[in-house]
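Survey of secondary and tertiary structure
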Amino acid sequence: MTGAEPIGPRVDLLTRDFDFHSLVPLRHDVQRCGAREGLGERELYLFVVAVNEVTTNAVRHGGGKGRIYLWREDHRLFCRVVDQGPGIPPGRFGEVRPAPDTLGGRGLWLARQGCESLTLNTGARGSIVTLSQSISNDPVPAGEP
Amino acid sequence: MTPVSIDPRDDGVLDVILRGEIDYTNAAPVTQTVTDAVDRVRPVAVRVDLTEVTFLDSSGIGVLITGMKAAREIAAEYRVRGPNPKVLDQLRITGLAELFPVEPAGPPAAAGPPAAAG
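In short, a report on the structure. In this text the structure is predicted, and so the values were computed from the model without any measurement.

Quick notes on the overall build of chain A
Summing up its helical and strand segments, chain A has three helices and five strands in all. Ordering the α and β elements of chain A from the N terminus gives β-α-α-β-β-α-β-β. Along the first, second and third principal axes, the C-alpha set of chain A runs to 40 × 35 × 30 Å. Put simply, chain A has 145 residues, and 44% of those count as buried. Taking the intrachain contacts of chain A between residues at least 6 apart in sequence as the baseline, contacts between residues at least 24 apart amount to 63%.

Some words on the interface of chain B and chain A
Between chain B and chain A, the contact holds 27 residues from the first and 26 residues from the second. Note on chain B versus chain A: buried area summed over both sides is about 2,200 Å², and carbon and sulfur give 60% of it. Our count for the contact surface shared by chain B and chain A stands at five salt bridges. A salt bridge links Arg42(A) to Asp89(B), with the nearest nitrogen and oxygen atoms 2.6 Å apart. Counting every contact that joins chain B to chain A gives eleven residue pairs in polar contact (both at pLDDT 80 or more). When contributions to the side of chain B that touches chain A are tallied by element, the ones reaching two or more residues are strand S3 (45-56), helix H2 (58-73) and helix H3 (85-93) of chain B.

Here's the deal with the sheet that holds strand S3 (residues 76-83) of chain A
All names here are of chain A. The sheet built from five strands is open, its strands ordered S1-S2-S3-S5-S4 with antiparallel pairing. Unpaired on one side and paired on the other, strand S1 (10-19) and strand S4 (117-123) mark the two borders of the sheet. With direction set aside, neighbouring strand axes in the sheet form an average angle of 10°. As judged from the nine bridges shared by S1 and strand S2 (residues 65-73), these two strands associate in the antiparallel manner. Its bridge partner being in S2, Val11 is matched across the sheet by Arg72. The strands that helix H1 (residues 23-37) touches are S1, S2 and S3; relative to S1, the one it contacts most, it runs at about 170°.

Observations concerning the pattern of salt bridges
Under the criterion given, the structure shown has 18 salt bridges over all chains. The salt bridge involving Arg67(A) is made with Asp17(A); its shortest N-O contact spans 2.7 Å. Residue Arg67(A) is found in strand S2, and its partner Asp17(A) is found in strand S1; the two are separated by 50 residues along the sequence. Measuring nitrogen to oxygen at the nearest pair gives 3.7 Å for the salt bridge that ties Arg19(B) to Glu52(B). Here Arg19(B), found in strand S2 (residues 13-22), pairs with Glu52(B), found in strand S3; they are 33 residues apart in sequence, far enough to count as distant. Among the residues examined, Glu52(B) registers a relative accessible area of 42% and is labelled partly exposed.

Details of the sheet that holds S2(B)
All names here are of chain B. Spatially, S1-S2-S3-S4-S5 is the arrangement adopted by the five strands of the open sheet, whose pairing is mixed. Here the strands that pair on one side only, and so sit at the sheet edges, are strand S1 (4-8) and strand S5 (102-103). Note that strand S4 (residues 77-81) and S5 share two bridges and pair parallel. Residue Val80 lies in a different strand from S5, and its bridge partner there is Val102.

Section: the packing of aromatic side chains
In this description, an aromatic ring pair is defined by two values, namely the gap between the centres and the angle between the planes. All chains considered together, the criterion is met by four aromatic pairs over all chains. Ring centres of Phe20(A) and Tyr24(B) lie 5.9 Å apart, and the angle between their planes is 80°; on these two criteria the pair is classed as edge-to-face. Taken as a pair, Phe20(A) in the loop between S1 and H1 and Tyr24(B) in the loop between S2 and helix H1 (27-41) lie in two separate chains rather than in one. Assessed through its relative accessible area of 33%, Phe20(A) is described here as partly exposed. On the basis of an interplanar angle of 75° and a centroid distance of 5.2 Å, the ring pair of Tyr78(B) and Phe100(B) is categorised as edge-to-face. Of this pair, Tyr78(B) sits in strand S4 while Phe100(B) sits in the loop between H3 and S5; the two residues are 22 residues apart in sequence, bridging distant segments of the chain. Note on Tyr78(B): relative accessible area 8%, which makes it buried. Phe100(B) sits in the buried class, given a relative accessible area of 3%. The aromatic ring of Trp71(A) is capped on one face by Arg10(A), whose charged end is 3.9 Å from the ring centroid.

Calculation criteria
- Going along each chain's sequence as written, the residues are numbered from 1 onward.
- Working convention: letters from A go to chains and numbers from 1 go to ligands, in the order in which they are written.
- Per-residue local features of the predicted model are confined to residues with pLDDT of at least 70, and side-chain atom pairs are confined, for both listing and counting, to 80 or more; whole-chain, interface and lining totals are unaffected and use all residues.
- Each side-chain value is derived from all of the structure's non-hydrogen atoms; neither hydrogens nor water enter the calculation.
- A run of H or I in DSSP counts as a helix once it spans at least four residues, and a run of E counts as a strand once it spans at least two, with each numbered from the N terminus.
- Buried means the residue's accessible area, taken with a 1.4 Å probe over protein chains only, is under 20% of the maximum for its type, while exposed means over 50%, and partly exposed covers the values in between.
- Any two residues having at least one pair of non-hydrogen atoms within 4.5 Å are treated as being in contact.
- A quick way to say it: buried area is the sum, across both parts, of accessible area lost when two parts are put together, with a 1.4 Å probe.
- The rule for a salt bridge is simple: a side-chain nitrogen of Lys or Arg has to be within 4 Å of a carboxyl oxygen of Asp or Glu.
- Pairs of N or O atoms are called polar contacts if they sit within 3.5 Å, as long as, within protein, a hydrogen donor faces a hydrogen acceptor (for residues adjacent in sequence, only side-chain-to-side-chain pairs).
- At least two DSSP bridges between two strands are needed for those strands to be called paired.
- Comment: axis = line fitted to C-alpha atoms, over the contacting stretch for helices; angle = value between 0 and 180 degrees taken between N-to-C directions.
- The pairing test for Phe, Tyr and Trp rings, Trp by its six-membered ring, is centres within 6.5 Å, and the orientation test on the planes gives stacked under 30 degrees, edge-to-face over 60, and tilted for anything in between.
- Consider the ring centre and the ring normal. A charge sits over the ring if Lys NZ or Arg CZ is within 6 Å of that centre and within 35 degrees of that normal.

Shown next, in the form of structure tokens:
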């Protein structure tokens, strides 16, 4: 993917391994990062939902654990979740909204609603899901509580 | 904070109060609590209060769908009230707001059963 990435200083915000037990504290930290970087309230909520769906997928279907990278480039927030599971089956990429009364199969679709871009790189040795969202506001100045 | 509590009222309405963050890590026991209560109480209506819910993931959305299906099985009315604007937004984009009435937050409804379920 080198060469195709946006040009700009990359600011790493969070890199962490996670599993079932760290899903919730990780989500809270992603929320704090997103707020600090200036995501608006609605964007922040839906972005946190999106990231949470992808990390939860890694725990449920991607081998029980994963690693998350959260970073910023210019006015865009990126999140990448890597797992070593068996891959996402065709037809489960979340491109079509499930019928409202469907149970399950909604995660990736919901994730797509919370970001402007979601790319999947999936195969038998694992999945890499990258999502990004532009940031409308300026970051909160460093040193703020 | 308990994520769910159940309040069967004298008028046949089953109040289900959800709280905090409903997600994959707690959705299964919350669903079980709701479906067990519907089976046991056999209410004429189920009212799910989301006033104190701050986060729903796809599993939390599943709780609402399973609750609706449990209510429909016994021909009980099903409605949801009080979601904050972000949760309401979610209920709309997922289409859940087309499945059952979603009432705005406000004071508890006046005593008295809703119109009989048809």
